[in-house]
Amino acid sequence: TISDLKDAISLIKSDKNVSFVLFSILFLVFVGANVYVLIVILVQQFLGYGTTGVGKLGALTAFGMALGAFVLGFLGDKWNRKNVIIYSFLIISALLIIFPFLKKFLYIGFFSFLGGLLLSPVMISQDTLLHENVPSEFRGRIFASKELLINGIFLILSYIFGILAEWIYPAKIIFFNGVILLILTIFFLLKTK
């Protein structure tokens, strides 16, 4: 309902940890749109690795995510969750900047694995921060807002990137988006200190 949405928005405004997570989700969706639209097009069509190549990269990314979750399960209590999110995004932005210059599948696969290794701790840390900071009576509304944010922004960005890829070489867009993500993450880092 409208009142539930208003309650969720008021909680987001009042709790810095919740607003931090929801802003960082925007970064996550931005990265996801780059991967699912631009990197797939680049690898499949422009680099000529086809559907098989995209499938292999998906498997390497999934392996990285599984390993990232495993490592975080053992060491996560010793790390600051906000730092995990911010520093992971700093490295991910560097990966996006370098990725367009890679041609050999070995390097592309390694970068995909690294991306998964970093994305998994980000998502786990985001959910953990929400569970720790959102009162139980608000959790349903906050998680519903989170899903709405993820799917809505992903839809918009995927559409925009798909159109841009018709006119601009995808590697250039990925590079430019990596620079944008790096600048935003540095700003985010300075703002949270």
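Residues numbered from 1 in each chain as written. Predicted model: local features only at pLDDT ≥ 70, side-chain atom pairs only at ≥ 80, totals over all residues. Heavy atoms only, no water.

Participant: I keep staring at the overall build of the protein and nothing clicks. Help me out?
Facilitator: A tally of regular secondary structure across the protein gives seven helices and zero strands. Element order for the protein, N to C, with α for helix and β for strand: α-α-α-α-α-α-α. Compactness check: the protein gives a C-alpha radius of gyration of 17 Å against a globular reference of 16 Å for 193 residues, within 12% of the reference. For the protein, the spread of C-alpha atoms along the principal axes amounts to about 50 × 40 × 30 Å. A fraction of 84% describes how many contacts in the protein between residues 6 or more apart in sequence connect residues 24 or more apart. Carbon and sulfur atoms form 71% of the exposed surface of the protein, whose accessible area is close to 10,600 Å². Averaging the locations of the 15 positively and 9 negatively charged side chains of the protein gives two centres separated by 11 Å. (Helix = DSSP H or I, 4+ residues; strand = E, 2+ residues; numbered from the N terminus. Rg over C-alpha atoms; globule rule 2.2 N^0.38 Å. Contact = heavy atoms within 4.5 Å. Areas by Shrake-Rupley, 256 points an atom, 1.4 Å probe, with all protein chains shown as cover. Lys, Arg positive; Asp, Glu negative; His and termini not counted. Charge placed at Lys NZ, Arg CZ, Asp CG, Glu CD.)

Participant: Please explain the side chain of Lys146 as it appears in this structure.
Facilitator: Relative to the helices and strands, Lys146 is located in helix α6 (residues 139–167). With relative accessibility at 9%, the residue Lys146 sits in the buried group. Among residues more than four places away in sequence, those in contact with Lys146 are Leu22, Ile25, Asp127 and Leu130. (Buried < 20%, exposed > 50% of the residue type's maximum accessible area, 1.4 Å probe, protein only.)

Participant: When you look at the layout of surface pockets in this model, what are you seeing that I'm missing?
Facilitator: Any space left empty among the atoms is revealed by the rolling of a water-sized probe across them. What the largest pocket holds in volume is close to 690 Å³. What lines the largest pocket is a set of 27 residues, among which Gly32, Val35, Tyr36, Thr61 and Leu119 lie closest to the centre. Contributions of two or more residues to the lining of the largest pocket are made by α2 (16–46), α3 (50–75), α4 (81–98), α5 (105–133) and α6. Looking at the lining of the largest pocket, the element that brings in the most residues is α2, giving nine residues. Grouping the amino acids of the lining of the largest pocket by side-chain chemistry returns 20 nonpolar, seven polar and no charged. (1 Å grid on protein atoms, 1.4 Å probe; cavity = no way out; pocket = protein on both sides within 12 Å on 5 of 7 lines; lining within 4 Å. Points joined across faces, edges and corners; volume = space filled by probe spheres on them. Nonpolar A, V, L, I, M, F, W, Y, C, P; charged D, E, K, R; others polar.)

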